[in-house]
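Each chain, letter by letter, is given below.
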Number of protein chains: 4
Amino acid sequence: MNTLGTKLRVTTFGESHGPAIGGVIDGFPSGFKIDFDSLLQEVAKRSPGSSLLVTQRKEPDIPEFLSGINEEGITLGTPIGFIIRNTDNRGKDYSELAEKFRSNHADYTYEAKYGIRDPKGGGRSSARETANWVVAGALAQQWLKEKGVEISSILSGAGKVSYSSVLLQELSEKPFSISDVKIPDKIKDEIENEILNAKNQGDSLGGSITCLITGVKPGIGDPVFDKLHSRLAQAMMSINAAKGFEYGLGIKASTVKGSEVLDTFRYDEIKGIYTETNYSGGIQGGISNGMPIFFNVALKPTPTIMREVETLNKNNGRTTLTMKGRHDPCVAVRAVPVVKALAALVIADFLV
Amino acid sequence: MNTLGTKLRVTTFGESHGPAIGGVIDGFPSGFKIDFDSLLQEVAKRSPGSSLLVTQRKEPDIPEFLSGINEEGITLGTPIGFIIRNTDNRGKDYSELAEKFRSNHADYTYEAKYGIRDPKGGGRSSARETANWVVAGALAQQWLKEKGVEISSILSGAGKVSYSSVLLQELSEKPFSISDVKIPDKIKDEIENEILNAKNQGDSLGGSITCLITGVKPGIGDPVFDKLHSRLAQAMMSINAAKGFEYGLGIKASTVKGSEVLDTFRYDEIKGIYTETNYSGGIQGGISNGMPIFFNVALKPTPTIMREVETLNKNNGRTTLTMKGRHDPCVAVRAVPVVKALAALVIADFLV
Amino acid sequence: MNTLGTKLRVTTFGESHGPAIGGVIDGFPSGFKIDFDSLLQEVAKRSPGSSLLVTQRKEPDIPEFLSGINEEGITLGTPIGFIIRNTDNRGKDYSELAEKFRSNHADYTYEAKYGIRDPKGGGRSSARETANWVVAGALAQQWLKEKGVEISSILSGAGKVSYSSVLLQELSEKPFSISDVKIPDKIKDEIENEILNAKNQGDSLGGSITCLITGVKPGIGDPVFDKLHSRLAQAMMSINAAKGFEYGLGIKASTVKGSEVLDTFRYDEIKGIYTETNYSGGIQGGISNGMPIFFNVALKPTPTIMREVETLNKNNGRTTLTMKGRHDPCVAVRAVPVVKALAALVIADFLV
Amino acid sequence: MNTLGTKLRVTTFGESHGPAIGGVIDGFPSGFKIDFDSLLQEVAKRSPGSSLLVTQRKEPDIPEFLSGINEEGITLGTPIGFIIRNTDNRGKDYSELAEKFRSNHADYTYEAKYGIRDPKGGGRSSARETANWVVAGALAQQWLKEKGVEISSILSGAGKVSYSSVLLQELSEKPFSISDVKIPDKIKDEIENEILNAKNQGDSLGGSITCLITGVKPGIGDPVFDKLHSRLAQAMMSINAAKGFEYGLGIKASTVKGSEVLDTFRYDEIKGIYTETNYSGGIQGGISNGMPIFFNVALKPTPTIMREVETLNKNNGRTTLTMKGRHDPCVAVRAVPVVKALAALVIADFLV
């Protein structure tokens, strides 16, 4: 359904081009002072038009909070309802999309499931939904920060330039030298060039996002189906275009020997119990061990490309379709704050 | 918690060396005739001692069904309770393990979470738990088979020999030539040699499992947090040692262009609507599109290796620990039927 | 939490005098044409000012639907988000209520639970929340009607005039002569007089509501904790001021002999299997048997009365408090459509 | 489904005459030492044959714990699995019951829902299931006792002799003189005579149970659908034969004036904040206020009486049926510990 979490529950709604999207955040702790400026900055990072690398659709994305927070900006413990109006939803002609299934999109599957669909901008299946998550996640991040938990995420690959496996390896081997996930400037430039090239060709690129969470105390996560990484995986795979999730050393762990990746336990009076290396990615048996937690999310390229492509119409006849208008050359760019938001919601769900 | 699923709910219990493990399968359809012989064969595939490639612990793993099935073997619609006695749970000395944390195991994190743990064979964190899943999953597979859904899984890599990415590529490009997931004999031999070598060295290997599901009709899966692949990811990441999950073209999709991986819709009278290629892995927008569904699960090597390793005791002092007794050189081998079982439970949860 | 239902899930939010109340209806079937006029009529029944018997606060209560329904008023299968703006929420002075606990209200308990509360009109604990339920319930009723399920509810008692037990007895004994729950005009007049008297005295009255559901086919309800009447009880006891729930012959059943209340099974070709009497209230073993379902909900009087009463301030000192403004002499009057709405949501949750 | 609770989750299984009943208690706190003797005493109270007032079926009801508790009887935090073997399940002839629907029983509704049923002793619909609840509830009661929460329950009425309303009135008016729910000896004798008379006539009686919970701190319970009394109502209505639930002044509250039942807040240094009277039954706005919590559960008579009664066979033909064997003249007697057990599980679910 449209709910994430069990104790801190986020339930969302909204079609891309309907009157509004929004959600209900249930279980958020009471007595917490919200920093709305910081929240709006976080939301802005996901917005279209935030850089040359993303779609130029302009949508301010200002959430209106309707409940659960008093006039002083302090949470009441009651559910926080919010909406974001869709300002960019008029006057377009969607009649062609209503008749044709876009390749690799959710058009056909929504039609198969519901017998009906909203053809305007993908309706419910649009990544616009992730704006709701960023709002909820920004609140969770503020609350987690007071508990010492910090989350950072970065675009670690786009198209042929991928740095995500290297990052996992580095985070595994040098757990104490890294508190914020970063990539070399040279790689960053290569990634940006890759995206701009795709943009110029009217094509799109897959990409990957690496996320690092620090400050989670040992003991977070539940056996056996609510392992911390199981929940992270479910959340991350909910992101539009996500095709893979890996944590700690990740998929590379399937190719090594046990003797090569032992995280030896150590103790000192300042750090307490820690491990020398962190191939485990901060999670053992599904439960946090106090070390940094990190993972990759792999996203496919958006199928919305600026070319004429073949497809079917609703009568099963062959036809062609050309996407018009906005074009997001690498959807992973805008998903960077989404990964952070979801990570915050998953961690907070265990801590509230 | 210890429950998987929402409509078909499997709730499990059991420590590795306690009196018994078991579970409750709630929501299983009524009036279904169970094939117990087939069920026992499925359970046996996961058992220790089933081949030279796995641990030689001998445990028959015969589930006793206690409810929900009548004398004729027909399900009543009421919850199916079952237990599997632990026969191999006596006379060992676990006092050393009670005092020391095994590297990369759940010893420390369970202690951190609960303030207490069962040191015998890993207790609740042992992969013995997966026997419960195979029992429940075997029932689900039988039921799904009547609905035309078939699931196959295979060990697609161990240590340096990895065929899993190749398999995802093949399954993406030739969706109609493959109905059962297979690897070339040559690769199979290489994988087996790799495992036997690790076994002889007292070391362990990571591995990967590829799973293929056919016969799922279009329309299965729920937006937005219960996408079919989000649920599969959560289930698969619950497997002990799982470090990564990828579906369709998988992580490789993060490195390609949109124009390279379009699954063009086609129609013919026999197949109905289908796609020429299947980079989407049978799921679009989180909902099945009728094409085969496939994914990889990457497992790390077990940290239980036959060597003396450094660690901490419960008083934070440095010590060493040597694992004795059984040794599973590649835990992915025994996880092959587990992947199938969990896939069946996830799919059935949407179909019951 | 703030969610009702498992398959058809209604999640609500909103403080009485905040910007808006609202909710998300998740799991509503797709392809259903909403009758908005009928919906508004249902919502109006609960509104203040709807008759002389209720509080005169004027609030139009027009829900704005934000998602899940297309321009033709047809449901999409995606979550239906809606809000109701609070128009009557300004310029009042709530500083006294912020400092004092009203007797029998939720002021103290919210403060105890959350350490903070919204003093304006009861905040989240206000019966204004039930407007959300009526909106969601009205949609459910429309959908159920197409399935042949009809629900009626009536005020069956107020203060000393109580007809609710008589109604249960009648509905038990003459199941086929009653399709809509009614009371004699004479009793109706007595109830109204009772309420007007209380109103004139600035006092308030408890009341009871009887609800009848027809057209539910046999087989609805789940053992053992989701019995149909367990779910109805939970929902009805969520109504502000609810103190009791009884179904079928109700509490009187605890005073009779088994031989007096046997519902003998009969069969004829038109009705199929039925029972001669219906002491069971249409539910046996927690599952519907096809007979009409009926129950009472007992509501206490609102503690908001037009008198000076003793209480405590936040510093635990004795003080007095006089309620000003609107006064609802019998809150059960406005709860009549709420009972119907919740009944519809519970039944629909099993049928979607 | 067959699960009670959200954080402390009890999932049960078992047919009355199958191999065993049992359950999984998930979320029970770790590090708690179980008192097994006390647990067995609690379970024995529900057992058949425990007094002349109940059915004489003999079944020892000794739970076997399979997990979640170590050799020292200390909980591990992992799920507690347990089973109770059915020893009394052989050699009977149930062929008549397989063909006929017993009046007011769940025979017909299970058949309607599942298309199949277990005719032996009512199968899943038997009150034997409540033995599972008493096991789980006994653990919860032990844990709650350490937190200062005590629960007592009593048979407060049977047939024409009903003292339950008087009890609610007393508990409302004199909250501080009562710490354990009791009835006068004279009434107790009358109730016993009433039951013995019914027994001699081969008839059965309805009855009522009153429950008192002390020591619950203010702030327990969740708006709006998980109000403390909503959850209690759902749990209590899950008891076989339950027809009504009322808390605080109960249904009588629907007949009084607001001015008559104000619970005035007071404060003293020892008690802290309290109310002079307790018409609210310890719950305001769905959240505990620190005062004692109390409620009634009304149970109908069992329809299993020692007479020939009319009914239908599976071919819809009229037939007669005579119950043989054991006979429980007032099922409320054995439900007394069940009420306590469920109350403990509901309260503990909020406190774990």
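Each remark here, short or long, concerns the structure printed above.
Residues numbered from 1 in each chain as written. Chains lettered and ligands numbered in written order. Predicted model: local features only at pLDDT ≥ 70, side-chain atom pairs only at ≥ 80, totals over all residues. Heavy atoms only, no water.

## Some points on the overall build of chain A
A tally of regular secondary structure across chain A gives eight helices and 16 strands. In terms of C-alpha radius of gyration, chain A reaches 21 Å, essentially the compact-globule figure of 20 Å for 352 residues. For chain A, the spread of C-alpha atoms along the principal axes amounts to about 65 × 50 × 35 Å. A buried classification covers 69% of the 352 residues belonging to chain A. By sequence separation, contacts in chain A at least 24 residues apart represent 72% of the contacts at least 6 residues apart. Element-wise, carbon and sulfur atoms account for 49% of the exposed surface of chain A, whose accessible area totals about 11,700 Å². The positive charge centre, built from 41 side chains, and the negative charge centre, built from 41, are 3 Å apart in chain A. (Helix = DSSP H or I, 4+ residues; strand = E, 2+ residues; numbered from the N terminus. Rg over C-alpha atoms; globule rule 2.2 N^0.38 Å. Buried < 20%, exposed > 50% of the residue type's maximum accessible area, 1.4 Å probe, protein only. Contact = heavy atoms within 4.5 Å. Areas by Shrake-Rupley, 256 points an atom, 1.4 Å probe, with all protein chains shown as cover. Lys, Arg positive; Asp, Glu negative; His and termini not counted. Charge placed at Lys NZ, Arg CZ, Asp CG, Glu CD.)

## Brief notes about the sheet that holds strand 4 (residues 64-65) of chain A
All names here are of chain A. Spatially, the five strands line up as an open sheet ordered 1-2-3-5-4, and their pairing is antiparallel. Strand pairing shows two members of the sheet lacking a second neighbour, strand 1 (3-4) and strand 4, which therefore form its edges. Bridge analysis of strand 4 against strand 5 (residues 80-85) gives two bridges, and the strand direction is antiparallel. If you follow Glu-64 over to strand 5, its bridge partner there is Ile-83. (Pairing = 2+ DSSP bridges.)

## Focus on unusual backbone geometry
Residues other than glycine predominantly adopt negative phi, and peptide bonds predominantly adopt the trans conformation. Cis geometry marks the peptide bond from Pro-223 of chain A to Val-224 of chain A; its omega dihedral reads -15°. Of note, Val-224 of chain A is situated in the loop between strand 8 (207-214) and helix 7 (228-237).

## Structural notes on the relation of the copies chain A and chain B
Least-squares fitting of chain A to chain B yields an RMSD of 0.0 Å, with the superposition described by an axial translation of 0.0 Å and a rotation of 180°. When the rotation and shift are considered jointly, the pair of chain copies conforms to a two-fold rotation axis. Looking at chain A, 100% of its interface residues are interface residues in chain B too, so the copies touch through the same face. (Least-squares fit on C-alpha atoms with pLDDT ≥ 70 in both.)

## Some details on the pairing of strand 11 (residues 272-275) of chain C
Residue and element names in this part refer to chain C. In terms of strand pairing, strand 10 (residues 265-268) meets strand 11 through four bridges, oriented antiparallel. Bridge assignment links Asp-268 to a residue of strand 11, and that residue is Gly-272. Counting the residues in the hairpin turn of strand 10 and strand 11 gives three residues.

## Overview of the interface of chain C and chain D
With 94 residues of chain C at the contact, the number on the chain D side is 93 residues. Summing both partners gives a buried area of about 7,800 Å² for chain C against chain D, and 58% of it is carried by carbon and sulfur. Along the contact surface separating chain C from chain D lie four salt bridges. Note that Asp-222 of chain C and Lys-113 of chain D form a salt bridge whose closest N and O atoms lie 2.9 Å from each other. If you look at where chain C meets chain D, you find 51 residue pairs in polar contact (both at pLDDT 80 or more). Direction of pairing for strand 9 (residues 242-247) of chain C relative to strand 9 (residues 242-247) of chain D: antiparallel, over a ladder of three bridges. The residue bridging Gly-244 of chain C from the neighbouring strand is Glu-246 of chain D, located in strand 9 of chain D. (Buried area = accessible area lost by both parts, 1.4 Å probe. Salt bridge = Lys/Arg side-chain N within 4 Å of Asp/Glu carboxyl O. Polar contact = N/O pair within 3.5 Å; in protein donor to acceptor, adjacent residues only side chain to side chain.)

## Comments concerning the state of the cysteines
Residue and element names in this part refer to chain A. Taken as a whole and assessed by the stated rule, the structure comprises zero disulfides over all chains. With no disulfide of its own, Cys-211 has Cys-330 as its nearest cysteine by sulfur position, at a separation of 17 Å. Residue classification places Cys-211 among the buried positions, given a relative accessible area of 0%. (Disulfide = S-S within 2.5 Å.)

## Comments concerning the packing of helix 7 of chain A against helix 7 (residues 228-237) of chain B
One way to put it is that helix 7 of chain A packs onto helix 7 of chain B with a least axis distance of 8 Å and a crossing angle of 165°. Classified by the angle their axes make, helix 7 of chain A and helix 7 of chain B are roughly antiparallel. The handedness of the crossing between helix 7 of chain A and helix 7 of chain B is right-handed. In contact with His-229, Ser-230, Ala-233, Gln-234 and Met-237 of chain A of helix 7 of chain A, helix 7 of chain B contributes His-229, Ser-230, Ala-233, Gln-234 and Met-237 of chain B. Among the residues forming the contact of helix 7 of chain A with helix 7 of chain B, the class breakdown is four nonpolar, six polar and no charged. (Axes fitted to C-alpha atoms, helices over the stretch in contact; angles between N-to-C directions. Parallel < 35°, antiparallel > 145°, perpendicular 65-115°, else oblique. Left-handed = near helix turned anticlockwise from the far one by under 90°. Nonpolar A, V, L, I, M, F, W, Y, C, P; charged D, E, K, R; others polar.)

## A word on the pattern of salt bridges
Across all of its chains, the model carries 92 salt bridges over all chains by this definition. Each of Arg-102, Asp-107, Glu-111, Arg-117 and Lys-314 of chain A takes part in salt bridges that share partners, so that together they form one network.

## A look at the side chain of Asn-289 of chain A
Mapped onto the secondary structure, Asn-289 of chain A falls in the loop between strand 13 (287-288) and strand 14 (293-299). On the basis of relative accessibility, which here comes to 1%, the residue Asn-289 of chain A falls in the buried class. Engagement of the side chain of Asn-289 of chain A in a polar contact is seen with the backbone nitrogen of Met-291 of chain A, the distance being 3.1 Å. Not counting residues within four places of it along the chain, the set of residues in contact with Asn-289 of chain A comprises Pro-218, Thr-275, Gly-282, Ile-283 and Gln-284 of chain A together with Tyr-108 and Thr-109 of chain B.

## Some points on the side chain of Arg-46 of chain B
Secondary-structure assignment places Arg-46 of chain B in helix 1 (residues 36-46). Residue classification places Arg-46 of chain B among the buried positions, given a relative accessible area of 2%.

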